[in-house]
Every structure is written in C-alpha cells, then in structure tokens.
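Chain residues, written in single-letter form:
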Number of protein chains: 2
Amino acid sequence: MFIQIEPTSEIPIYTQLANQLIELIATGTLKASDALPSVRSLAADLGVNMHTVNKAYHELEKKKIIEIIPKSGAIINPISSNGPSDMQMDLIKLHLKPLIAESIVYGLDKEQILSITSSIISEITEG
Amino acid sequence: MFIQIEPTSEIPIYTQLANQLIELIATGTLKASDALPSVRSLAADLGVNMHTVNKAYHELEKKKIIEIIPKSGAIINPISSNGPSDMQMDLIKLHLKPLIAESIVYGLDKEQILSITSSIISEITEG
DNA sequence: ATTCTGTTCTAATACTATTATAACAGTGAT
DNA sequence: ATCACTGTTATAATAGTATTAGAACAGAAT
C-alpha cells in the first residue's frame, strides 16, 4: 500500500489517508471489489492509530466510495457508470468553487485554469 | 458586504469568510486597492467575534490576496498580471488534485470535469 | 484630542484529532 | 469447534483548533 502520511501537515491524518486512497482508486491501482487492508494492519503499516484509519474509512463510506461490511472488512465500490449522485456532485462543486475563485484572484484566466485541470486529470489517469 | 455565514457548517467561520471574500474579489465586486471593512465592523455585521474576522484577514494575507497595514486597515492587492507565484500555484494544485481524483472515482470523465470547471468559471466571471 | 485601527494578552468553552487500552461479537479459515 | 482476525464500542487522556469575551496598547486618521 503506497501511502505516505505527513504527521506534521495541517491536513488531518485521516483526510490525508482518505485522499490518497481515493487517488489510488482513481488511478486504478485499487479496483472495484478489492478489499482494503484491515484498519489494524494499515494503522500498523503507517504508524498511526487504528481509530485514525477507521475514521478515514468511514469518510470514504460517507462518500459512497467504499462499503464497510461490519466485522468483516471494507471493499471498494464500483465506479458508477451513471456518474455521481446529486450529493456527490454538490460536494464537488461546493469545494471546487472557492478553489477556482482563488485561482482567478491569482491572475489565472479560464484557459489556464482548464489547462491545469486537464494536466492533473492526465496525471491521474495516465500517471 | 454581501456575506452569509453558516454558524453550523463544518467549515470554520474564518474559512467561510475568507472564501467569500475571495469570491467577491474574483467577481470584481471588490477591486484592487479597495479597503476591507475593519475587523470590528465586519464582525459586528456578521455577528461573530472580532478575532474570527481577524483570522480570516490573516489567511488572505498569507495568500498575498490582501495587504494588512498595521493599525490602519486592510486593502485588496491587485490581481497579478504575471499569474500566480510558485507558492500560490503549488497550493492550488495541492487542493485541486484530491478533488479531481474524487470526481474521477465518482465516474466523471475528463470532458465532464472540464465542463463543470468551465461552468463554475463562467458563473464567477460573468456573475 | 478623539475616535478608529490592528495588535496583543489572558481566559474560558467547546470541539476535533490522535493516541492508548480494552472488551465485545461476528467472520473466516483450519 | 477452535482461534485468530474483523469492525464496533467504550473510556480516557492529551494536544490542538475554533470561537467567544474583555481589556489594554499604540499607531493612524480626522
């Protein structure tokens, strides 16, 4: 599991972990119906507490990215072919808007923002 | 000052405030060299504490979006014609990447992500 | 001068993040 | 059936963040 936690980051550990798991799913390194490591083993791997990993998993479950099967484990949900749910779409837009506004304030124009976005997408999908 | 704070949001008040100020700058409602309201008056307007507004202003100063002149006030910096600094660009990419990865996991493809991005940009720049 | 400004300090409260243990009950493999 | 493994739950402690409150200070603006 190629995950790197920065304990001193201002981003909470469970968020770092959830983000990196999402990235691994987006790149295809982790595929639908794959089992995630148990909270205990991943916690030991990363040198963090079991509850911290557990929290990350539940964040991913809230977002419908994984399914937690009680007393058994967590598996990755298939990428929806219908696209995101309303809830998922709202969340994306909610978080995307301030970032884009910030980019504009930094002097980026539409083309530049789209170009950066495009390159990040390529980085993930072709990385 | 058209700012709406949701006290029960999981997003901290000072972040909500900073984000909305950024949006007002991005839309052109607030322009370069405009003075921001004093921390005391804006705090009174919004019904929050002076220190909360002060923290939002300092967040914006860290991002070089405004300049705080000690014992005097805060003014909005001009939008850079050189585009973002390296620090600003790194911050944007750092926050953009997990969002894009999440979008991909939700089943959005490159075109759809660029389309959403484009529509948000238009929403901001064309009111 | 007087008011307004951001700054600084102390303080209190509530919440979040993280870790540490421990026990519990269902799962899965042997 | 045993036994290790699973997520769940509970308690607790620590540290840090977010928010509010009140006050005092010194420079700025008029």
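From a predicted model like this one, the values you see are computed outputs, not experimental measurements.

About the thresholds
- Residues numbered from 1 in each chain as written.
- Chains lettered and ligands numbered in written order.
- Predicted model: local features only at pLDDT ≥ 70, side-chain atom pairs only at ≥ 80, totals over all residues.
- Heavy atoms only, no water.
- Least-squares fit on C-alpha atoms with pLDDT ≥ 70 in both.
- Contact = heavy atoms within 4.5 Å.
- Domains from an automatic or database assignment.
- Buried area = accessible area lost by both parts, 1.4 Å probe.
- Salt bridge = Lys/Arg side-chain N within 4 Å of Asp/Glu carboxyl O.
- Polar contact = N/O pair within 3.5 Å; in protein donor to acceptor, adjacent residues only side chain to side chain.

Chemist: Whenever I open this one, the relation of the copies chain B and chain A confuses me. Can you help?
Modeler: Related by rotation about an axis and a shift along that axis, the two copies of the chain form a pair. Once turned by 180 degrees and shifted 0.0 Å along the axis, chain B lies on chain A with an RMSD of 0.1 Å. Such a combination of turn and shift is consistent with a two-fold rotation axis. Among all residues of chain B, the one whose C-alpha sits closest to the rotation axis is Leu114(B), at a distance of 3.2 Å. The fraction of interface residues of chain B whose copies in chain A are also interface residues reaches 100%, indicating that both copies meet through the same surface.

Chemist: What am I meant to see in the domain arrangement of chain A here?
Modeler: A common way to express how large an interface is: the accessible area buried when the components associate. Per the domain assignment, the segments making up chain A are domain 1 (13-76) and domain 2 (86-126). A straight line from the C-alpha centre of domain 1 of chain A to that of domain 2 of chain A covers 25 Å.

Chemist: When you look at the interface of chain B and chain A in this model, what are you seeing that I'm missing?
Modeler: On the side of chain A, 41 residues touch chain B, which itself brings 41 residues to the contact. When residues of chain B are sorted by the area they lose upon contact with chain A, Lys97(B), Val105(B) and Tyr106(B) head the list and together hold 17% of the total. Taken together, the links from chain B to chain A amount to six salt bridges. A salt bridge links Glu23(B) to Lys97(A); the shortest N-O distance between them is 3.7 Å. The interface formed by chain B and chain A contains eight residue pairs in polar contact (both at pLDDT 80 or more).

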